[in-house]
Amino acid sequence: MPIGTDIEQAAALLRQGETVAIPTETVYGLAANAFNEAAVLKIFQAKQRPSFDPLIVHVHDRAQVELLVSRLPEGTDQLMERFWPGPLTFVLPKTDRVPDLVTSGLDTVAVRMPAHPVARTLLGMLDFPLAAPSANPFGYVSPTTAQHVADQLGGKIPYILDGGPCSVGVESTIVGWGPETEQWTLYRAGGTAKELIESVIGPLQITDRGPLPVSPGMLESHYAPRKPVITGNITPLLEAHAGKRCGVISFTKHHDAAYNEVLSPAGDINEAARHLFAALRRLDASDAAVILAEVFPIEGLGSAINDRLQRASAKR
Ligand code: TXA
Ligand code: MG
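Everything numeric in this text was worked out from a predicted model, so none of it was measured.

**Student:** Explain the pairing of strand 6 (residues 108–112) here, please?
**Tutor:** The side chains of a regular strand alternate, residue by residue, between the two faces of the sheet. Most of strand 6 sits out of view: five of its five residues are buried. Relative to strand 6, strand 4 (residues 56–58) is paired through three bridges, and the arrangement is parallel. Bridge pairing in strand 6 places His-58 opposite Arg-112. Sheet analysis places strand 5 (residues 88–93) next to strand 6, joined by four bridges and oriented antiparallel. Counted as the bridge partner of Leu-92 is Val-109 from strand 6.

As structure tokens, then:
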């Protein structure tokens, strides 16, 4: 199994144009040199990701942002200052340096400076930024441990750099500057709470439509386990599914079901986000017939949790 903690080896593979799974504070990413189109192609192949789904480019410093982004709209500096390194991704006008494969031919590029110390050390050893989507087969739940990556992509990639379990546990928040609207738009709820972003730049426009015909993070069915997921109030849901083996995902309260993943008995929404994807994976691997998930409070990371559960429950 190609799991290890050797950052030198990860850097050497990336310099050779290989892919490496890397830890970030949100989820594990499958990384390659963002300036090397042949290397980036391997990401799409390993994930079986459609080429219309653009990647996030991970940077070490602001100098790398200059290589990738042609214009920093008003508010960008304040947001980067406040939330970087961290779980916030910016979709901004791109430079010609960014290969079309990375952006699916869009004239914008998604950039993020991750906070995970291993990711930061690795990026600091390289003289190029890293294109990296979440390290899961397209459409499935994102990995929050090195073992999650190995379970699904183990045979397909040369190395998985282990940085321990992810501390945030849901993907980054994505904001972009809409050239038509000249306004900041929320493309994906995630690890940086919307309220915090709005405290810096004012109200965000919200869209469930991306700049693409389909922007996959916005696909109705995404981030999905194989088992059916149903969201709502657990007690009536359990009644409706009496006689079946049910897997329940709840925030603080225990329910009498075959399996119950209580994400944070203490009621800490950040802890719940941290535990969400591992819980979904365990229930998906269990013999439960159906996964029933509570609706979470919408403050802070609760919006991201609800967003992922809703997409996991969408009919395929
Ligand atoms: O936390 C994260 O964001 C993780 C870690 C690895 O950094 N990455 C991640 O990547 O979640 P991925 O590829 O699974 O999701 C990135 C989302 C996709 O839904 C993609 O469509 C969107 O970002 N995206 C990327 N570039 C874009 C662009 N130029 N315009 C609009 N959406 C874009
Ligand atoms: Mg993903």
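**Student:** Help me out: how do you make sense of helix 1 (residues 7–15) in this one?
**Tutor:** Because an α-helix completes one turn every 3.6 residues, residues spaced three or four positions apart along the sequence face the same direction. Turning to helix 1, its buried residues are Ile-7, Ala-10, Ala-11, Leu-13 and Leu-14. The arc that holds the buried residues of helix 1, viewed along the axis, is 165°, so those residues lie on one side. Its buried side turned inward, helix 1 meets strand 2 (20–22), strand 3 (29–33), helix 6 (117–125), strand 7 (130–131) and strand 8 (160–161). Structurally, the start of helix 1 carries an N-cap: the backbone nitrogen of Glu-8 is 3.1 Å from a side-chain oxygen of Asp-6. Two residues or fewer past helix 1, Gly-17 is found with a positive phi of approximately 85°.

**Student:** For this particular structure, what's the right way to read the pattern of salt bridges?
**Tutor:** Side chains bearing opposite charge may pair, as long as their charged atoms lie close to each other. Here the structure, examined in full by the defined rule, presents eleven salt bridges. Measuring nitrogen to oxygen at the nearest pair gives 2.4 Å for the salt bridge that ties Arg-62 to Asp-77. Of this pair, Arg-62 sits in helix 3 (residues 62–68) while Asp-77 sits in helix 4 (residues 76–83), and the two are 15 residues apart along the sequence. Note on Asp-77: relative accessible area 41%, which makes it partly exposed. Where Asp-287 meets Arg-245, a salt bridge forms, and the shortest distance between an N and an O atom there is 3.2 Å. Of this pair, Asp-287 sits in the loop between helix 10 (269–285) and strand 15 (290–293) while Arg-245 sits in the loop between helix 9 (234–240) and strand 13 (246–250), placing them 42 residues apart in sequence.

**Student:** Would you mind going over the packing of helix 10 against helix 11 (residues 302–313) with me for this structure?
**Tutor:** Where helix 10 contacts helix 11, the axes come no closer than 9 Å and their chain directions differ by 20°. In terms of axis orientation, helix 10 runs roughly parallel to helix 11. Crossing handedness for the pair helix 10 and helix 11: left-handed. Contacts between helix 10 and helix 11 involve Ile-269, Ala-272, Ala-273, Leu-276, Phe-277 and Leu-280 from the former and Gly-302, Ile-305, Arg-308 and Leu-309 from the latter.

Parameters and conventions
- Residues numbered from 1 in each chain as written.
- Chains lettered and ligands numbered in written order.
- Predicted model: local features only at pLDDT ≥ 70, side-chain atom pairs only at ≥ 80, totals over all residues.
- Heavy atoms only, no water.
- Buried < 20%, exposed > 50% of the residue type's maximum accessible area, 1.4 Å probe, protein only.
- Helix = DSSP H or I, 4+ residues; strand = E, 2+ residues; numbered from the N terminus.
- Pairing = 2+ DSSP bridges.
- Arc of directions from axis to C-beta.
- Contact = heavy atoms within 4.5 Å.
- Polar contact = N/O pair within 3.5 Å; in protein donor to acceptor, adjacent residues only side chain to side chain.
- Salt bridge = Lys/Arg side-chain N within 4 Å of Asp/Glu carboxyl O.
- Axes fitted to C-alpha atoms, helices over the stretch in contact; angles between N-to-C directions.
- Parallel < 35°, antiparallel > 145°, perpendicular 65-115°, else oblique.
- Left-handed = near helix turned anticlockwise from the far one by under 90°.

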